[in-house]
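Structural overview for review
In case you want the letters, here they are:
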Amino acid sequence: MTKTIALLLIAALAGSALAQTLPTAGQKAQWAREAEERLRTDWPWLDRYRTANAAVTKPVTVVFIGDSITQGWFDMMPGFFTPGRQGRGIGGQTTPQMLLRFRQDVIDLKPQVVQIMAGTNDIAGNTGPMTAEQTRANLMSMAELARAHGIRVILASIPPADGFPWRPGLDTATPIAAMNGWIRDYAARTGATYADYWSALHDGQALRASMTYDGVHPNKAGYAAMAPVAEAAIRAAMARPAPKAIAR
């Protein structure tokens, strides 16, 4: 893992901090040390939810897997996550990292539904350069794994952003729009539910200023706007027959 990639990951992790304030130099240095060590020893961060997964005893309706946008949802709006709703977001993560932890953080919890929200950090190149084809392949693999285990799938749009603070100058709106178009079409082709958070949050190509604290991550108002979209998507997914699970 190069220093540049590690720094990109640290910047994205900073965006998911609970306090919507700029981190201190000391905090950044600490995060840098922790991130570099984790990338070396536990690249997909399989240990992040190991204890939480073991503590799940009640039936799970839906698991939300994603990056800092999903993590921030749980951090800022914990009341949205009832015991039957498990948040499994990790700040800064890309789709290959999520795919590697998908079995333990989703399948093994035996949810009825999974929401997959990913792609922001692929576009940013947090774990190295990625093509759109590679992102699509990872999203398809997660959806296929879910269906193979009898789990209904919600595919979430990438929220709007007209720039990433940790990647100044990068065109983000164009690849976000292209990926969201593909996600919507893939969901329709495969019987998944599409959750259109982009439309609930956008102002042009940007995330509405009143709903974000940095142009990428929603604030509490942003998550309040996302909640009805999620509720509708969960209802729509639950109304579909469960996929036939493979024999174990």
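Whatever comes next refers back to the structure up there.
Below is a summary of the structure that appears in this document. (Residues numbered from 1 in each chain as written. Predicted model: local features only at pLDDT ≥ 70, side-chain atom pairs only at ≥ 80, totals over all residues. Heavy atoms only, no water.)

**Some remarks on helix H8 (residues 173–190)**
Spanning 18 residues, H8 covers 26 Å between terminal C-alpha atoms, matching the ideal 26 Å at 1.5 Å per step. Where H8 is buried, its residues contact helix H6 (120–124), helix H7 (132–148), strand E4 (152–156), strand E5 (193–195) and helix H9 (197–201). Trailing H8 by a residue or two, Gly191 shows a phi angle of about 80°, which is positive. (Helix = DSSP H or I, 4+ residues; strand = E, 2+ residues; numbered from the N terminus. Expected span 1.5 Å × (residues − 1). Contact = heavy atoms within 4.5 Å.)

**Digging into the environment of Leu201**
Position of Leu201 relative to the elements: it lies in helix H9. When the C-alpha positions of Leu201 and Met211 are compared, they lie 7.1 Å apart, and in sequence the two are 10 residues distant. Other than its neighbours up to four places away in sequence, Leu201 contacts Pro159, Pro160, Ala206, Leu207, Arg208, Met211, Gly222, Ala225 and Met226.

**Details of the pattern of salt bridges**
The final tally for this structure, using the stated rule, is 5 salt bridges. For Arg101, the salt bridge goes to Asp105, with nearest N and O atoms at 2.9 Å. Of this pair, Arg101 and Asp105 are both found in helix H5 (residues 95–105), 4 residues apart, which corresponds to roughly one turn of the helix. Judged by relative accessible area, which is 0%, Arg101 ranks as buried. According to the relative accessible area criterion, Asp105 is buried, its value standing at 0%. Asp185 is the partner of Arg184 in a salt bridge, and the nearest nitrogen-oxygen pair spans 3.9 Å. Residue Asp185 is classed as partly exposed on the basis of its relative accessible area of 38%. (Salt bridge = Lys/Arg side-chain N within 4 Å of Asp/Glu carboxyl O. Buried < 20%, exposed > 50% of the residue type's maximum accessible area, 1.4 Å probe, protein only.)

**Digging into the sheet that holds strand E3 (residues 113–117)**
If you trace the 5 strands from one edge of the open sheet to the other, you get E2-E1-E3-E4-E5, paired in parallel fashion. The sheet terminates laterally at strand E2 (85–89) and E5, the two strands that pair on one side only. In this sheet, neighbouring strand axes are inclined to one another by 20° on average, regardless of whether the strands run parallel or antiparallel. The sheet strands contacting H7 are E3 and E4, and the helix crosses E3 at an angle near 175°. (Pairing = 2+ DSSP bridges. Axes fitted to C-alpha atoms, helices over the stretch in contact; angles between N-to-C directions.)

**So, the pairing of E2**
Most of E2 is tucked away: 5 of the 5 residues are buried. Burial along E2 is two-sided: the face carrying Arg85, Gly87 and Gly89 and the face carrying Gln86 and Arg88 are both buried. Judged from the 5 bridges that link them, strand E1 (residues 62–66) and E2 form a sheet pairing that is parallel. By the bridge assignment, Ile65 is partnered in E2 with Arg88.

**Details of unusual backbone geometry**
If you check the backbone angles, Trp45 has positive phi at about 60° while not being a glycine. By secondary structure assignment, the location of Trp45 is in the loop between helix H2 (25–41) and helix H3 (50–55). Phi at Lys110 is positive, roughly 55°, even though this residue is not glycine. Along the polypeptide, Lys110 turns up in the loop between H5 and E3.

**Focus on the side chain of Thr120**
Here Thr120 lies in helix H6. For Thr120, a relative accessible area of 5% puts it in the buried group.

**Some points on the packing of helix H4 (residues 68–76) against helix H10 (residues 220–239)**
Where H4 meets H10, the axes come as close as 11 Å, and the angle between the chain directions of the two elements is 100°. One finds that H4 runs roughly perpendicular with respect to H10. Of H10, the residues touching H4 (which contributes Ser68, Ile69, Gly72, Trp73 and Met76) are Lys220, Tyr223, Met226, Ala227 and Ala230. For the contact of H4 with H10, the per-class residue count stands at 7 nonpolar, 2 polar and 1 charged. (Parallel < 35°, antiparallel > 145°, perpendicular 65-115°, else oblique. Nonpolar A, V, L, I, M, F, W, Y, C, P; charged D, E, K, R; others polar.)

**Examining the nonpolar core**
Phe102, Val114, Ile116, Leu139, Val153 and Leu155 are the most contacted members of the largest nonpolar core, which totals 32 residues. Broken down by secondary-structure element, the contributors of at least two residues to this core are E1, H5, E3, H7, E4 and H8. Here Val114 is in contact with Val62, Val63, Ile65, Phe102, Val106, Ala146, Ile151, Arg152, Val153 and Ile154, once residues within four sequence places are set aside. (Core = buried A, V, L, I, M, F, W, Y, C linked by side-chain atoms within 4.5 Å.)

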